[in-house]
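Coordinates in review
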Protein chains: 2
Amino acid sequence: MIFSSALIENAVNEFARLPGVGKKTALRLVLHLLKQDTAQVELFSETVARMRRQIKFCKHCHNVSDDETCSICANPARHTNVVCVVESIRDVIAIENTQQFNGVYHVLGGIISPIDGIGPEQLNIHSLVERVQQQGVEEVIMALSPTIEGDTTIYYLSKKLKEWPVKITTIARGIAFGGELEYADEMTLARSLTNRLPLENYLQQGSR
Amino acid sequence: MIFSSALIENAVNEFARLPGVGKKTALRLVLHLLKQDTAQVELFSETVARMRRQIKFCKHCHNVSDDETCSICANPARHTNVVCVVESIRDVIAIENTQQFNGVYHVLGGIISPIDGIGPEQLNIHSLVERVQQQGVEEVIMALSPTIEGDTTIYYLSKKLKEWPVKITTIARGIAFGGELEYADEMTLARSLTNRLPLENYLQQGSR
Ligand SMILES: [Zn+2]
Ligand SMILES: [Zn+2]
């Protein structure tokens, strides 16, 4: 694309670096911002930069947070003895949106995937084991995507936790095997959380 | 959507104000930026803000510009005696991308549309008449969308310019009547510019 302004060209190129945003869409967004007040565009720009600059990761659960401890861990109404293990922040948001879960989370930061070179040591697994050991966790809910990698991770975590007196459950198979957790609708996700199973039942279902 | 971080929530809301960006897409973009280096996000943010803050409009043609005079008007290789009249900046970019046009532009900043309350006085028409009167313009190419509003605007402009010895042409009807100029592919747009017609022929075609 040919632009007669470097200011426009640079802005289009920056937008086009975002996932799923091509040059044409980037141009549309830039021309839209051009029509807004300068103050509005400064607000957009400053809000995005501040988000990245000031975001923290919760020292308990690794969720994104505005403070050392995230608002979920800091909420006295949440049951800290029920820990829901998820792959990513995105899954925390998906489950929170169901408004059906009263426990806390543990964000692994990924899933075991030898093909992608992601082993257990790259994930927040050590801190999960520590929480179970030291903080009276009674139930660990494995809310991972029902894929081969999800199952591998569940299997690995269950071995790591087996010497502690903690109930391990998995979310119910409301989500199709191979499906991505984050794309499940809220109803399915809420139901599969309510109908969670003890790990033994899950393994007997023969998903592996 | 429920977020456990105000920083994330605010950023998602800002992205979701952009046209065609829903909450889900906004969240995807924010989570992507969260994974980038702070420096990269600051660059994105600063580039967008600087674009809006520093952009100027060319004093000759009303195109977006980094300086008082845009890079097209400032280019000595462009023929200033051929002026292509377009509705918007978007159309300048579309025509520039054909690499078939050696003249200069005049951006109206809209199109006459009584339904939308846009009359001639809201558009950059006075400065076009002045250019024709004072700067030896030999040809004015009407490159407006082939819609009722486009035709109305062409008709209005041709009346305004008729006492001056300037040739008025319209781009060829390679573009379907009712189509938006900016969505035409480069080939069609280039060809319809090359095959432009004197206004009389256009009116005889009976588009009105
Ligand atoms: Zn937390
Ligand atoms: Zn100019």
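Attention in this report is confined to the structure presented alongside it. (Residues numbered from 1 in each chain as written. Chains lettered and ligands numbered in written order. Predicted model: local features only at pLDDT ≥ 70, side-chain atom pairs only at ≥ 80, totals over all residues. Heavy atoms only, no water.)

Notes on the pattern of salt bridges
Close approach of charged atoms lets side chains of opposite charge pair. Under the definition given, this model contains 8 salt bridges over all chains. A salt bridge links Glu46 of chain A to Arg53 of chain A; the nearest nitrogen and oxygen atoms lie 3.5 Å apart. The class of Glu46 of chain A is partly exposed, set by a relative accessible area of 32%. Among the ionic pairs, Glu14 of chain B bridges to Arg17 of chain B, the shortest N-O distance being 3.5 Å. The class for Glu14 of chain B is buried, based on a relative accessible area of 8%. Connected through shared salt-bridge partners, Glu42 of chain A together with Glu46 and Arg53 of chain B make up one network. (Salt bridge = Lys/Arg side-chain N within 4 Å of Asp/Glu carboxyl O. Buried < 20%, exposed > 50% of the residue type's maximum accessible area, 1.4 Å probe, protein only.)

Overview of helix H4 (residues 89–96) of chain A
Within H4 of chain A, 7 of the 8 residues are buried, leaving the element largely enclosed by the surrounding structure. Those residues of H4 of chain A that sit buried are Ile89, Asp91, Val92, Ile93, Ala94, Ile95 and Glu96 of chain A. (Helix = DSSP H or I, 4+ residues; strand = E, 2+ residues; numbered from the N terminus.)

Describing the pairing of strand S3 (residues 82–86) of chain A
Residue and element names in this part refer to chain A. Among the 5 residues that make up S3, 5 are buried, leaving the element largely enclosed by the rest of the structure. On S3, burial covers both faces: Val82, Cys84 and Val86 on one face and Val83 and Val85 on the other are all buried. When S3 meets strand S5 (residues 139–142), the two strands line up parallel, connected through 4 bridges. The partner of Val85 across the bridge, within S5, is Met142. Alignment of S3 against strand S4 (residues 104–107), held across 4 bridges, turns out to be parallel. Bridge pairing links Val86 to Val107 in S4. Each parallel crossover has a hand, and the one from S3 via H4 to S4 is right-handed. (Pairing = 2+ DSSP bridges. Right-handed = clockwise from strand over helix to strand, strands pointing away.)

Some thoughts on the coordination of the zinc ion (ligand 1)
All names here are of chain A. Surrounding the zinc ion (ligand 1) are the protein donor atoms Cys58 (SG), Cys61 (SG), Cys70 (SG) and Cys73 (SG), which sit 2.3 to 2.4 Å from the metal. Here the zinc ion (ligand 1) is ringed by 4 donor atoms whose angles at the metal span 104 to 116°, and the overall shape comes out tetrahedral. In the primary sequence, the donor residues of the zinc ion (ligand 1) line up as C-x2-C-x8-C-x2-C. Taken together, the residues span a long stretch of sequence, with Cys58 in the loop between strand S1 (56–57) and strand S2 (64–65) and Cys70 in the loop between S2 and S3 at a distance of 12 residues. (Donors = N, O, S within 2.8 Å, 3.2 Å for Na, K, Ca; no water. Tetrahedral: all angles 85-135°; square planar, octahedral: opposite > 155°, others 65-115°.)

Description of the coordination of the zinc ion (ligand 2)
Residues and elements named next belong to chain B. Distances from the zinc ion (ligand 2) to its protein donors, Cys58 (SG), Cys61 (SG), Cys70 (SG) and Cys73 (SG), fall within 2.3 to 2.4 Å. The coordination sphere of the zinc ion (ligand 2) comprises 4 donor atoms, whose angles at the metal cover 104 to 115°; the geometry is tetrahedral. For the zinc ion (ligand 2), the single-chain donor residues occur in sequence as C-x2-C-x8-C-x2-C. For Cys58, a relative accessible area of 1% corresponds to the buried category.

Focus: the packing of aromatic side chains
All chains considered together, the criterion is met by 7 aromatic pairs over all chains. An aromatic cluster is present here, built from Phe15 and Phe44 of chain A together with Phe15 and Phe44 of chain B joined pairwise through their rings. (Phe/Tyr/Trp six-rings, centres within 6.5 Å; stacked < 30°, edge-to-face > 60°.)

Observations regarding the packing of helix H1 (residues 6–16) of chain B against helix H2 (residues 23–35) of chain B
Residue and element names in this part refer to chain B. At a closest axis distance of 8 Å, the pairing of H1 and H2 adopts a crossing angle of 125°. The orientation of H1 with respect to H2, classified from their angle, is oblique. Handedness of the H1/H2 crossing: right-handed. Two secondary-structure elements touch here, H1 through Ile8, Ala11, Val12, Asn13, Phe15 and Ala16 and H2 through Lys23, Ala26, Leu27, Leu29, Val30, Leu33 and Leu34. Each residue belonging to the contact of H1 with H2 can be placed in one class, and the counts come to 11 nonpolar, 1 polar and 1 charged. (Axes fitted to C-alpha atoms, helices over the stretch in contact; angles between N-to-C directions. Parallel < 35°, antiparallel > 145°, perpendicular 65-115°, else oblique. Left-handed = near helix turned anticlockwise from the far one by under 90°. Contact = heavy atoms within 4.5 Å. Nonpolar A, V, L, I, M, F, W, Y, C, P; charged D, E, K, R; others polar.)

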